[in-house]
Amino acid sequence: MKTLFLALLVVFLPVVAFSTTLNVPSTEYPTIQAGVSAANSGDIVLIASGTYTGSENYNISITIPDITVRGEGDVIIDCAGSYKAFIADAYPGYFIIEGVIILNGRANSYEGVLDSKSGGLTVKDCIFQGSNGCSIYGDTGTPIYIEGIVVEDCAGAVNFGSIHVGNYGTLGMYNSIVRNNSSLGNHAGVFIDNASVTISDCKFYSNQGTTMYSKDGHSVVNVSNSVFHSNTADHTIYVRECALTLTNVTIAYNFGAYGIQVSTTSTLILDHSIIW
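About the cut-offs
Residues numbered from 1 in each chain as written. Predicted model: local features only at pLDDT ≥ 70, side-chain atom pairs only at ≥ 80, totals over all residues. Heavy atoms only, no water. Helix = DSSP H or I, 4+ residues; strand = E, 2+ residues; numbered from the N terminus. 1 Å grid on protein atoms, 1.4 Å probe; cavity = no way out; pocket = protein on both sides within 12 Å on 5 of 7 lines; lining within 4 Å. Points joined across faces, edges and corners; volume = space filled by probe spheres on them. Nonpolar A, V, L, I, M, F, W, Y, C, P; charged D, E, K, R; others polar. Pairing = 2+ DSSP bridges. Phe/Tyr/Trp six-rings, centres within 6.5 Å; stacked < 30°, edge-to-face > 60°. Buried < 20%, exposed > 50% of the residue type's maximum accessible area, 1.4 Å probe, protein only. Core = buried A, V, L, I, M, F, W, Y, C linked by side-chain atoms within 4.5 Å. Contact = heavy atoms within 4.5 Å.

A. Broad picture of unusual backbone geometry. That bond from valine 24 to proline 25 is cis: its omega, -5°, falls within 30 degrees of zero. Here proline 25 is to be found in the loop between β1 (21–24) and α2 (32–38). A cis amide bond links tyrosine 91 with the next residue in sequence, proline 92, at an omega value of 5°. Of note, proline 92 is situated in strand β7 (residues 86–98). Within the chain, alanine 80 stands out as a residue other than glycine whose phi angle is a positive 65°. Along the polypeptide, alanine 80 turns up in the loop between β6 (75–78) and β7. Non-glycine residue tyrosine 110 carries a positive phi angle of around 65°.

Below, the structure written as structure tokens:
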């Protein structure tokens, strides 16, 4: 009986997965791409304070799911006005990025400076500054989680905005700021393409272009405890084929024809919100 009991203990002991921290820069990993390429699922690529640019410090390819890239201190990735920061193919998992400042990125239509081609995307405590094109782009079906970020002084891509959530994707956006952005095609903020979106405790201000746009496709958008002010556009918020709920939202001091424009195929619920 003792022998059988011990055998069962061996069979049913849980397998514990340990993550590895890969430090950049180091002798083994002199660039961010070197650290990422050596990482396995669950690993952390820890970037030391400093400015990173040049080959293998932009256009960084992510092909393994569930890798975390984390900045320690003031970590700046300077894309030199010509490149993306990260291109992620993390399916079936997530690519996670935390505590990084991304400067001067560039992306074409259907792309982003932080560009998720497949899999999920988690972005925490990051700053996107001076992007030319969409700063964060989620492709079809991409789940995106954003917390504590700033997108500023960027020029959103034509018809894609500064943050784009793709067809059948999801976006959860919390405690974030979108400010001082312009648009190459009238969409300076969040562009929603037939997706499910939750935005809470966010501020959108001093943007030149629509701060939240939902195109055709039956999106469901819930915004709470957020402020839209001092933006300049024909529409501060414009939704088409969308169920929009605003709770404890203030839309004020904006310049343009409409604070909110809702198409006839959309629904709007206002709960304890102010529009002036």
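B. Representation of the layout of surface pockets in the model. Size it by volume and the largest pocket reaches roughly 160 Å³. In this structure, the largest pocket is lined by 14 residues; those nearest its centre are Phe160, His164, Phe191, Asp193 and Lys215. For the lining of the largest pocket, the class distribution of residues is five nonpolar, six polar and three charged.

C. Molecular detail of the sheet that holds strand β3 (residues 50–52). Pairing is parallel across the open sheet formed by ten strands, whose spatial order is β3-β6-β8-β10-β13-β17-β21-β24-β27-β30. The sheet is open, and its two borders are formed by β3 and β30 (274–275), each paired with just one other strand. Sheet topology note: the β3/β6 ladder contains three bridges and is parallel. In the strand pairing of β6, glycine 50 is matched with valine 75.

D. Fine view of the packing of aromatic side chains. Taken as a whole, this structure holds seven aromatic pairs when the rule is applied. Plain terms: the ring middles of tyrosine 145 and tyrosine 174 are 5.6 Å apart, the flat faces sit at 40° to each other, and that makes the pair tilted. Of this pair, tyrosine 145 sits in strand β12 (residues 143–147) while tyrosine 174 sits in strand β16 (residues 170–174), placing them 29 residues apart in sequence. By relative accessible area, tyrosine 145 is classed as partly exposed at 30%. Here tyrosine 253 and tryptophan 276 contribute two aromatic rings whose centre-to-centre distance is 5.7 Å and whose plane-to-plane angle is 90°, an arrangement assigned as edge-to-face. In this pair, tyrosine 253 sits in the loop between β27 (250–252) and β28 (258–262) while tryptophan 276 sits in the segment after β30, placing the two residues 23 residues apart along the sequence. By the burial criterion, tyrosine 253 is exposed, and tryptophan 276 matches it. Among the aromatic residues, those joined into a ring-pair cluster are Phe191, Tyr213 and Tyr238.

E. Quick look at the nonpolar core. Ranked by internal contacts, the top residues of the largest apolar core, which has 62 residues, are Phe86, Phe95, Val123, Met173 and Leu244. The dominant element in this core, judged by the number of residues it contributes, is β7, at five residues. Once residues within four sequence positions are removed from consideration, valine 123 is found in contact with Ile97, Leu114, Phe128, Ile136, Tyr145, Ile146, Glu147 and Ile149.

F. The pairing of β7, seen in detail. The sheet contact formed by strand β4 (residues 60–62) and β7 spans three bridges and is parallel. If you follow serine 61 over to β7, its bridge partner there is isoleucine 87. In the sheet, strand β5 (residues 67–71) pairs with β7 via four bridges, with the strands oriented parallel. Note that in β7 the partner of threonine 68 across the bridge is isoleucine 96.

These results come straight from atomic positions and should not be treated as a statement about function.
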